[in-house]
Each structure stands twice: as structure tokens, then as C-alpha cells.
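# Residue-level structural notes
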Amino acid sequence: MTLPLFPLLLEIHYRCAESSDGCWMVPDTAFAEAELELLQHAIEQGFIECNTGPGVVDPADCYYLSLTDHARKQFGLPRRPDLLQRLVRMLLPKPGTA
């Protein structure tokens, strides 16, 4: 069952990486019935964390999706590096290379 999950997890991974809070806010109407079943299965398996929360739209009509550490380990997906960490790496040379 992991093969059908991979595209969904990869999509969530990329969408979360693009967001400022590390979550993908998506309306529930964006998913077809089969995709909702796959999403529910992934949540039950512990791969996806799904919350509702305050937002511009009604919280009941929106999902806040993110991957769990279990999903990242199982599918080899890295954690998104913090923006500050990326800036520090770009601006400061590694010790001993200057």
C-alpha cells in the first residue's frame, strides 16, 4: 500500500516546504473521494498529521497537512531546513575553509 501513498506524501512534502509554517493548508474540496480515502489511510498509518485550525475560511472546510517523522524516515524525505539555518550556511563559510 505504500506505493500509492508516495505521490501524496511527496506532494505534501513539497507544499509544506513552500509554506512559512511547515503545513499545507488545503480545502477539503480539493480531494476526490478516492484521494480522501488514501489520505485517511495515510493518517491512520501515522504518515500524515491532519489538523483543522483557524484561517480565512471556515476551519471545518480546510485541512492543515504535514508529514510525521515516521513518514520522513519510511520514505526518505528530509526535514525542511529552517530559513535561518539556510541563510547562515550561505553567508558563513565552514570552519577551517576561510
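Refer to the structure above for everything that follows.
Everything in this summary refers to the structure shown in the same document. (Residues numbered from 1 in each chain as written. Predicted model: local features only at pLDDT ≥ 70, side-chain atom pairs only at ≥ 80, totals over all residues. Heavy atoms only, no water.)

This part covers the pattern of salt bridges. Two side chains that carry opposite charge are able to pair once their charged atoms sit near each other. Counted under the stated rule, the structure contains one salt bridge. Among the salt bridges present, the one from Arg15 reaches Glu11, with a minimum N-O distance of 2.6 Å. Here Arg15 pairs with Glu11, and both are found in helix α1 (residues 2-18), just four residues apart, close to one helical turn. Residue classification places Glu11 among the partly exposed residues on the basis of a relative accessible area of 31%. (Salt bridge = Lys/Arg side-chain N within 4 Å of Asp/Glu carboxyl O. Helix = DSSP H or I, 4+ residues; strand = E, 2+ residues; numbered from the N terminus. Buried < 20%, exposed > 50% of the residue type's maximum accessible area, 1.4 Å probe, protein only.)

Okay, the pairing of strand β1 (residues 24-27) next. Along β1, the buried face is formed by Trp24 and Val26; none of Met25 and Pro27, which line the opposite face, is buried. Note that β1 and strand β3 (residues 62-67) share four bridges and pair antiparallel. Opposite Pro27, over in β3, you have Cys62 as the bridge partner. (Pairing = 2+ DSSP bridges.)

Take the packing of aromatic side chains next. By the definition in use, this model includes four aromatic pairs. Relative to Phe31, the ring of Trp24 lies with its centre 6.4 Å away and its plane at 70°, an arrangement referred to as edge-to-face. For the pair shown, Trp24 and Phe31 are each scored as buried. Here the aromatic rings of Phe31 and Tyr63 are separated by 6.3 Å at their centres, their planes lie at 50°, and the arrangement is tilted. Here Phe31 is found in the loop between β1 and α2 (33-44), whereas its partner Tyr63 is found in strand β3, with 32 residues between them in sequence. On the basis of relative accessible area, Phe31 is assigned to the buried category, the value being 11%. (Phe/Tyr/Trp six-rings, centres within 6.5 Å; stacked < 30°, edge-to-face > 60°.)

What follows concerns α2. The terminal C-alpha atoms of α2 lie 17 Å apart, and with 12 residues this matches the ideal 16 Å at 1.5 Å per residue to within 8%. Within α2, the full set of buried residues consists of Leu38, Leu39 and Ala42. Along the axis of α2, the buried residues cluster in a sector spanning 100°; they form a single face. In this structure, α2 carries Glu33, Glu37 and Glu44 as exposed residues pointing more than 90 degrees from its buried face. A positive phi of about 85° marks Gly46, the residue just after α2. (Expected span 1.5 Å × (residues − 1). Arc of directions from axis to C-beta.)

With 19 residues, the main nonpolar core has Ile12, Phe47, Ile48 and Leu65 as its most contacted residues. Take this core: its biggest share by element is five residues, from α1. With sequence-adjacent residues up to four places away left out, Ile12 is seen in contact with Trp24, Ile48, Leu65, Ser66 and Leu67. (Core = buried A, V, L, I, M, F, W, Y, C linked by side-chain atoms within 4.5 Å. Contact = heavy atoms within 4.5 Å.)

This brings us to the environment of Leu5. Among the secondary structure elements, Leu5 is positioned in helix α1. A C-alpha to C-alpha distance of 9.8 Å links Leu5 and Phe75, two positions 70 residues apart in sequence. Setting aside anything within four residues of it in sequence, one finds Leu5 in contact with Leu38, His41, Ala42, Phe47 and Phe75.

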